[in-house]
Amino acid sequence: DVWAKNPLRRLSPHAHYEVVVIKPADKSNEASRAEVSLRPSAVSGKALAEDEKRPAKVSDLKVGQKVAGYVVNSNAKGVFVALSRTVTGRVRLQALGEGFVTGE
């Protein structure tokens with residue numbers, strides 16, 4: 001269960017996938033959608049390794065902690081990175097560098 005660099009590459013339209021429901025659809029809104037996950041640990045019921053757990057709330061984060069995420073938006077206020085389904089972080093524009101951060 002690691003975040004894939006290009007997660008859509010392995011998914012094909014009209015193919016069937018086993019998923020697990022994370023959040024059911026809003027019953028008061030017929031147009032709402034349920035949130036589901038393709039993560040193998042969620043689908044197969046395996047426990048996540050400690051380094052794979054995503055923060056459920058901001059208080060789960062600690063200064064200096066390394067967390068994987070993906071860019072969901074950028075604008076004049078900064079770059080917004082999804083750290084989990086429920087936590088998004090912001091990188092201020094002045095904190096951005098010219099290059100990429102690579103794995104160790």
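First, a word on what this report is: a plain description of the structure on this page. (Residues numbered from 1 in each chain as written. Predicted model: local features only at pLDDT ≥ 70, side-chain atom pairs only at ≥ 80, totals over all residues. Heavy atoms only, no water.)

1. Focus: the pattern of salt bridges
Then, number 1: All told, the structure shown has 2 salt bridges when counted by the stated rule.
Then, number 2: A salt bridge links Arg-85 to Glu-35; the nearest nitrogen and oxygen atoms lie 3.3 Å apart. Of this pair, Arg-85 sits in the loop between β4 (78–82) and β5 (88–91) while Glu-35 sits in strand β2 (residues 35–37), placing them 50 residues apart in sequence.
Then, number 3: The exposure class assigned to Glu-35 is partly exposed, which follows from its relative accessible area of 31%. (Salt bridge = Lys/Arg side-chain N within 4 Å of Asp/Glu carboxyl O. Helix = DSSP H or I, 4+ residues; strand = E, 2+ residues; numbered from the N terminus. Buried < 20%, exposed > 50% of the residue type's maximum accessible area, 1.4 Å probe, protein only.)

2. Regarding the pairing of β5
Then, number 1: Two elements, β4 and β5, share 4 bridges in a ladder whose sense is antiparallel. Across the sheet, the residue bridging to Val-79 is Val-91, located in β5.
Then, number 2: Once β4 ends, the chain turns through 5 residues before running back antiparallel as β5. (Pairing = 2+ DSSP bridges.)

3. Points about the sheet that holds β5
Then, number 1: If you trace the 3 strands from one edge of the open sheet to the other, you get β3-β4-β5, paired in antiparallel fashion. Of all strands in the sheet, those with a lone pairing partner are β3 (70–75) and β5, marking the two edges. Each strand axis lies, on average, 25° off the axis of its neighbour in the sheet, ignoring direction.
Then, number 2: With 5 bridges joining them, β3 and β4 adopt antiparallel strand pairing. Bridge pairing links Val-71 to Val-81 in β4. (Axes fitted to C-alpha atoms, helices over the stretch in contact; angles between N-to-C directions.)

4. Here we look at the environment of Gln-65
Then, number 1: Residue position: Gln-65 is located in the loop between α1 (40–44) and β3.
Then, number 2: For Gln-65, a relative accessible area of 38% translates into the label partly exposed.
Then, number 3: A distance of 2.9 Å separates a polar side-chain atom of Gln-65 from the backbone nitrogen of Lys-62. (Polar contact = N/O pair within 3.5 Å; in protein donor to acceptor, adjacent residues only side chain to side chain.)

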